[in-house]
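Descriptive analysis of the structure
One letter stands for each residue in the lines below.
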Amino acid sequence: MTKQNAAVSEADSGINMAAPPAAVSNSTVFSQKPPAAPGGYISISSKKILKNLDVNGAQRINSWVESMRGSSPTHIKSTPHSLTEDHSSWMVDHPSALEMFEQIIEASKGKQIVMFLDYDGTLSPIVDDPDRAFMSDKMRATVKKLAKCFPTAIVSGRCRDKVYSFVKLAELYYAGSHGMDIKGPTGGSKYKKGGQAGILFQPASEYLPMIDEVYKELVEKTKSIPRAKVENNRFCVSVHFRCVDEKKWIELAQQVKSVLKEYPKLRLSQGRKVFEIRPTIKWDKGKALEFLLESLGFANCTNVFPVYIGDDRTDEDAFKILRDRGQGFGILVSKFPKDTSASYSLQEPSEVMDFLQRLVNSKRLSYMGRTRM
Ligand SMILES: O=P(O)(O)OC[C@H]1O[C@H](O[C@H]2O[C@H](CO)[C@@H](O)[C@H](O)[C@H]2O)[C@H](O)[C@@H](O)[C@@H]1O
């Protein structure tokens, strides 16, 4: 990546900190002194924290700040019509799903398309206040039409009730809490062979007391950080730093680390300006996708065509499953080049809506016998 692009696309490096920071080996010997945070900025309060950390810990915390800043980049130096050199080469490997639409339809011919949609950053734009991440009425109408054509699931880090309160479509499948809380449409699905009544699957239910406890501790611990926000997503917790002054990021990261070191059965990863705290069970959005395909009767089916659209690190678990299965594909929603297992890309929720609308139109044409899907 050229220097300019390195600056431009602090791509969602969202360094996965699955290894609980407490597990960070302090025995690792770092030859150089901790790198300064991007822009060389370290606040006084942060210096105090770094002083108390050993060099390794300081380096680790600083690398957090770099990844925290890059976890949800908000600017691009190139104009919309002139991608940076790196972005152009990235687009060769992750072409626009809109530009490749005809090829996608061709590949899906004779197969059952099943749609999996992330919520934040995919159906709704990223905003400062997580409680105000509303999807547009137009997007809701498009998803409603989509669900009339194909089995459709919402797969979100949000708790299921909360993401349902945003989407408001009872005919969909929902997998909340990063796939750990799955429920089928109320009254069963027209797509499920045998019309099975609504499924309900919660693989992390034994963790509920621990999640409640760590949520309360994080709220208490982080209340000294202005505009930090702790969100209880039932089987997981989010700690938001989008609106926190960068001078306080190290302190916040340290606070999260200090709480989690008491909970070895919880793991920490990073999303878009958010720390995600989840149980260490081997369950994620990818497992939820597989569970839903099985629930729909497509477990060992060769003519199923799953399409997963998402924008964040946790969606990569689903992209990887599709790549491993060699069925369907992932679409990453991003304006910036990012390491991803997705095959295609879309820039933002408005392009997601255009893509979904084209799928609906294509299915309607096939109903009219003009083309087969
Ligand atoms: O899996 P998703 O549906 O994409 O949920 C991932 C996280 O999304 C939310 O946070 C993100 O969106 C917020 C609203 O736009 C934004 O303020 C925040 O900075 C983003 O990280 C949600 O609040 C989290 O709980 C989800 O885990």
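Check the entry above for the structure.
Described in the following lines is the structure provided in the data block. Computed from a prediction, not measured in an experiment: that's the story for all the values here.

What counts as what
- Residues numbered from 1 in each chain as written.
- Predicted model: local features only at pLDDT ≥ 70, side-chain atom pairs only at ≥ 80, totals over all residues.
- Heavy atoms only, no water.
- Pairing = 2+ DSSP bridges.
- Helix = DSSP H or I, 4+ residues; strand = E, 2+ residues; numbered from the N terminus.
- Contact = heavy atoms within 4.5 Å.
- Axes fitted to C-alpha atoms, helices over the stretch in contact; angles between N-to-C directions.
- Expected span 1.5 Å × (residues − 1).
- Buried < 20%, exposed > 50% of the residue type's maximum accessible area, 1.4 Å probe, protein only.
- Near = heavy atom within 4 Å.
- Polar contact = N/O pair within 3.5 Å; in protein donor to acceptor, adjacent residues only side chain to side chain.
- Areas by Shrake-Rupley, 256 points an atom, 1.4 Å probe, with all protein chains shown as cover.
- Phe/Tyr/Trp six-rings, centres within 6.5 Å; stacked < 30°, edge-to-face > 60°.
- Core = buried A, V, L, I, M, F, W, Y, C linked by side-chain atoms within 4.5 Å.
- Patch = residues over 30% accessible without salt bridge, like charges linked within 9 Å, V, L, I, M, F, W, Y side chains within 5 Å.
- Salt bridge = Lys/Arg side-chain N within 4 Å of Asp/Glu carboxyl O.

Two orientations exist for strands paired in a sheet by backbone hydrogen bonds: parallel and antiparallel. Judged by pairing direction, the sheet is mixed, and its eight strands sit side by side in the order S5-S4-S3-S2-S1-S10-S11-S12 without closing on themselves. One side of each edge strand has no neighbouring strand; the edge strands of this open sheet are strand S5 (200-201) and strand S12 (344-346). In this structure, strand S1 (residues 112-117) lies alongside strand S2 (residues 152-155), joined through three bridges in parallel fashion. Along S2, the bridge assignment pairs Met115 with Thr152. Each of S1, strand S10 (304-310), strand S11 (329-333) and S12 is contacted by helix H5 (residues 101-108), which is oriented at about 145 degrees to S10, the strand it contacts most.

This part is about helix H12 (residues 349-367). In this model H12 runs 27 Å from its N-terminal to its C-terminal C-alpha over 19 residues, within 8% of the 27 Å that 1.5 Å per residue would give. The set of residues buried in H12 consists of Pro349, Val352, Met353, Phe355, Leu356, Leu359, Val360, Ser362, Lys363 and Ser366. Residues of H12 that are buried make contact with H5, S1, helix H6 (137-149), S10, S11 and S12. Looking one or two residues past H12, Gly369 carries a phi angle of roughly 80 degrees, positive in sign.

The subject of this paragraph is the site of the ligand. Close to the ligand lie 23 residues, the nearest being Val127, Glu231, Arg242, Arg272 and Lys285. Between the ligand and Glu231 there is a distance of 2.6 Å, counted from an oxygen atom to a side-chain nitrogen or oxygen. About the coverage of the ligand: the protein hides 99% of its 570 Å² of free accessible area. Listing elements by their share of the shell around the ligand, those giving two or more residues are strand S7 (237-240) and strand S9 (274-279).

Our focus in this paragraph is unusual backbone geometry. Of note in the backbone geometry, His178 takes a positive phi value of approximately 55 degrees without being a glycine. Following the sequence through the fold, His178 ends up in the loop between strand S3 (173-176) and strand S4 (181-183). Looking at His178, the relative accessible area reads 3%, which means it is buried.

What follows covers the sheet that holds S9. With antiparallel pairing, four strands are arranged side by side in an open sheet as S6-S7-S9-S8. Pairing within the sheet leaves two strands with one partner each, and these edge strands are strand S6 (229-232) and strand S8 (266-271). Direction aside, neighbouring strands of the sheet carry axes that sit 20 degrees apart on average. Note that S8 and S9 share six bridges and pair antiparallel. Bridge pairing links Leu266 to Pro279 in S9. Packing against the sheet, helix H8 (residues 208-222) makes contact with S6, S7, S8 and S9, and its axis sits at approximately 170 degrees to S6.

All told, the structure shown has 13 aromatic pairs when counted by the stated rule. Seen in terms of ring centroids, Phe101 and Phe355 are 5.8 Å apart; in terms of plane orientation they differ by 80 degrees. Their pairing is edge-to-face. You can see Phe101 sitting in helix H5 and its partner Phe355 sitting in helix H12, a full 254 residues away along the chain. You'll find Phe101 and Phe355 in the same group, each marked buried. With 4.8 Å between their ring centres and 75 degrees between their planes, Phe329 and Tyr344 make a pair best called edge-to-face. With Phe329 in strand S11 and Tyr344 in strand S12, the pair connects residues that are 15 residues apart, well separated along the chain. For the residue pair Phe329 and Tyr344, the accessibility class agrees, reading buried in each case.

Structurally, the position occupied by Gly176 is in strand S3. Along the primary structure Gly176 and Gln103 are separated by 73 residues, whereas in three dimensions their C-alpha atoms are 31 Å apart. When sequence neighbours within four positions are dropped, the list of residues in contact with Gly176 reads Ser156, Arg158, Cys159, Arg160 and Asp181.

Before going further, it helps to spend a moment on the nonpolar core. When a protein is soluble and globular, its nonpolar side chains tend to lie buried together. Formed by 56 residues in total, the largest nonpolar core has its most connected members in Phe116, Leu218, Phe275 and Ile277. If you tally residues by element for this core, the top one is helix H9 (residues 249-260), at seven residues. For Leu218, the residues in contact, after removing those within four places along its chain, are Val230, Val237, Val239, Val256, Val259 and Ile277. Leu98, Ile104, Met115 and Leu359 belong to the second largest nonpolar core, which has 39 residues in total.

What follows deals with the pairing of S7. Residues Val237 and Val239 line one face of S7 and the alternating positions Ser238 and His240 line the opposite face, and both faces are buried. Judged from the four bridges that link them, S6 and S7 form a sheet pairing that is antiparallel. From the neighbouring strand, Lys229 faces S7, where its bridge partner is His240. Between the end of S6 and the start of S7, which pair antiparallel, lie four residues, with Arg234 showing a positive phi angle near 70 degrees. Relative to S9, S7 runs antiparallel, the two being bridged by four bridges. Counted as the bridge partner of Ser238 is Glu276 from S9.

The subject of this paragraph is a nonpolar patch on the surface. Taken together, the side chains of Leu365, Tyr367 and Met368 make up a nonpolar region of the molecular surface, amounting to roughly 320 Å² of accessible area. Along the polypeptide, Met368 turns up in the segment after H12. Under the relative-accessibility criterion, Met368 is labelled exposed at 51%.

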